[in-house]
Amino acid sequence: MISLNRSDTTELLEDPSLPDDVVARAYRDLARTHRWLGIDAAILKRLKNDPHGVSSVLDIGCGQGALLHKVHRKLGASVVGFDLRPAPESAPVPIVSGDAVIEPLPPADVAVCVFLAHHLSESDLIRLIHNVSRSCRRFIVIDLVRHRLPLTLFSIFARPFLSSLNVADGLTSIRRSYTPVELRQVVDKALEGSGARVVHTVAPFYVHQTVDISWPVTAPRP
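Residues numbered from 1 in each chain as written. Predicted model: local features only at pLDDT ≥ 70, side-chain atom pairs only at ≥ 80, totals over all residues. Heavy atoms only, no water.

**Student:** Is there a simple way to explain helix α2 (residues 39-48) in this structure?
**Tutor:** One turn of an α-helix holds 3.6 residues; hence residues three or four places apart share an orientation. For α2, the full list of buried residues reads Ile39, Asp40, Ile43, Leu44 and Leu47. Taken around the axis of α2, the buried residues stretch over an arc of 130 degrees, which confines them to a single face. Opposite the buried face of α2, at more than 90 degrees from it, the exposed residues are Ala41, Lys45 and Lys48. Each element contacted by the buried residues of α2 is listed here: α1 (20-36), β1 (56-60), α3 (66-75), β4 (110-114) and β5 (138-143). (Buried < 20%, exposed > 50% of the residue type's maximum accessible area, 1.4 Å probe, protein only. Helix = DSSP H or I, 4+ residues; strand = E, 2+ residues; numbered from the N terminus. Arc of directions from axis to C-beta. Contact = heavy atoms within 4.5 Å.)

**Student:** I tried to follow the sheet that holds β4 on my own but got confused; where do I start?
**Tutor:** Backbone-to-backbone hydrogen bonds join strands into a sheet, with any given pair of strands oriented parallel or antiparallel. Overall, mixed pairing links the seven strands, which are arranged β3-β2-β1-β4-β5-β7-β6 in an open sheet. Looking along the sheet, the strands with just one partner apiece sit at the ends: β3 (95-97) and β6 (197-202). Sheet twist, expressed as the average angle between the axes of neighbouring strands with direction ignored, equals 15 degrees. Across six bridges, the pairing between β5 and strand β7 (residues 209-214) is antiparallel. Counted as the bridge partner of Ile142 is Thr210 from β7. (Pairing = 2+ DSSP bridges. Axes fitted to C-alpha atoms, helices over the stretch in contact; angles between N-to-C directions.)

**Student:** I keep staring at the packing of aromatic side chains and nothing clicks. Help me out?
**Tutor:** Considering all chains together, one arrives at zero aromatic pairs under this definition. Taking NZ or CZ as reference, Arg6 lies 3.9 Å from the ring centre of Tyr178, over its face. (Phe/Tyr/Trp six-rings, centres within 6.5 Å; stacked < 30°, edge-to-face > 60°. Lys NZ or Arg CZ within 6 Å of the ring centre and 35° of its normal.)

**Student:** Just to check I follow, could you spell out the packing of α2 against α3 for this structure?
**Tutor:** Helices that pack against each other are described as a pair by the angle of their axes relative to one another and the distance between those axes. Contact pair α2 / α3: the axes reach a minimum separation of 11 Å and the direction vectors enclose 45 degrees. Between α2 and α3, the crossing angle belongs to the class labelled oblique. α3 is crossed by α2, and the crossing has right-handed handedness. On α3, the residues touching Asp40, Ile43, Leu44, Leu47 and Lys48 of α2 are Leu67, Lys70, Val71, Lys74 and Leu75. (Parallel < 35°, antiparallel > 145°, perpendicular 65-115°, else oblique. Left-handed = near helix turned anticlockwise from the far one by under 90°.)

**Student:** Can you walk me through the environment of Ser7 in this structure?
**Tutor:** Topologically, Ser7 is positioned in the segment before α1. Owing to a relative accessible area of 19%, Ser7 belongs among the buried residues under this scheme. If we ignore the near neighbours within four places in the chain, the residues touching Ser7 are Arg175 and Arg176. A polar side-chain atom of Ser7 sits 2.9 Å from a polar atom in the side chain of Thr9. (Polar contact = N/O pair within 3.5 Å; in protein donor to acceptor, adjacent residues only side chain to side chain.)

**Student:** What is the right way to look at α3 in this model?
**Tutor:** Those residues of α3 lying buried are Leu67, Leu68, Lys70 and Val71. All buried residues of α3 lie within an arc of 160 degrees about the axis, which places them on one face of the element. If you follow the buried residues of α3, they end up packed against α1, α2, β1, β2 (78-83) and β4.

**Student:** Mind showing me how you'd approach the pattern of salt bridges here?
**Tutor:** Pairing between side chains becomes possible if they bear opposite charge and their charged atoms approach one another. Throughout the structure, instances matching the rule amount to ten salt bridges. With its nearest N and O atoms 3.3 Å apart, the salt bridge here joins Glu11 to Arg176. Here Glu11, found in the segment before α1, pairs with Arg176, found in helix α6 (residues 164-176); they are 165 residues apart in sequence, far enough to count as distant. Exposure remark for Glu11: the relative accessible area of 8% places this residue in the buried category. Measuring nitrogen to oxygen at the nearest pair gives 3.0 Å for the salt bridge that ties Arg137 to Asp50. One end of the pair, Arg137, is in the loop between α4 (122-133) and β5; the other, Asp50, is in the loop between α2 and β1, with 87 residues separating them in the sequence. For Asp50, a relative accessible area of 7% gives the class buried. Sharing partners across several salt bridges, the network here consists of Arg46, Asp50, Arg137, Arg138 and Asp212. (Salt bridge = Lys/Arg side-chain N within 4 Å of Asp/Glu carboxyl O.)

**Student:** Help me understand the side chain of Ser135, please; the structure alone is not making it clear to me.
**Tutor:** Inspection of the secondary structure assignment puts Ser135 in the loop between α4 and β5. The class of Ser135 is buried, set by a relative accessible area of 18%. Those residues within four positions of Ser135 in sequence are excluded, and the remaining contacts are Leu105, Pro106, Pro107 and Ala108.

Written out as structure tokens, the structure reads:
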């Protein structure tokens with residue numbers, strides 16, 4: 001029986017001593033996984049359908065910038081990434097290094113955050129949402145779902161195509177993630193009194209969940 005208790009195990013990719021070539025391969029595998037799961041397409045669709053139009057996008061926890069590079073090519077928006085790990089010289093987009101929970105963020109129309117929320121405690125996720133609200137009018141968060149089904153599917157179908165590091169981290173990430181009920185409770189607490197609109201959806205087979213937050217232009221900021 002797979003335990004559904006939320007794990008606090010650190011992922012291998014979080015080790016700052018990993019060689020650059022190992023990190024680069026891991027991010028290539030992550031980008032491929034995002035495409036398989038339809039993450040890139042989902043982000044692009046939401047940005048294209050933004051009622052106000054999107055001219056600038058911030059990616060929090062952007063890795064080496066693959067998603068932003070695609071956003072820039074497909075939509076023509078200006079893009080900037082924000083990540084704890086310093087950007088490599090080969091990064092295809094500008095990336096700022098820092099802690100998005102506590103440090104000022106570059107202004108943008110929309111911020112996106114893919115598979116980062118499960119790395120954060122409830123209190124830090126709330127602080128991240130507050131921080132994003134100070135520089136962006138919309139925040140699209142896509143993350144995994146802690147559920148037996150994605151654990152089983154990932155174990156069966158991803159193992160032959162990914163590095164051992166990404167397989168191990170993928171399973172750890174699912175175990176670290178929030179259930180839909182848990183994530184919505186955290187988001188509602190963060191947005192209390194803000195007047196923000198929230199759309200929360202869960203993909204088939206629990207492969208990922210999306211929280212799409214829009215703040216009124218004149219909303220009070222935390």
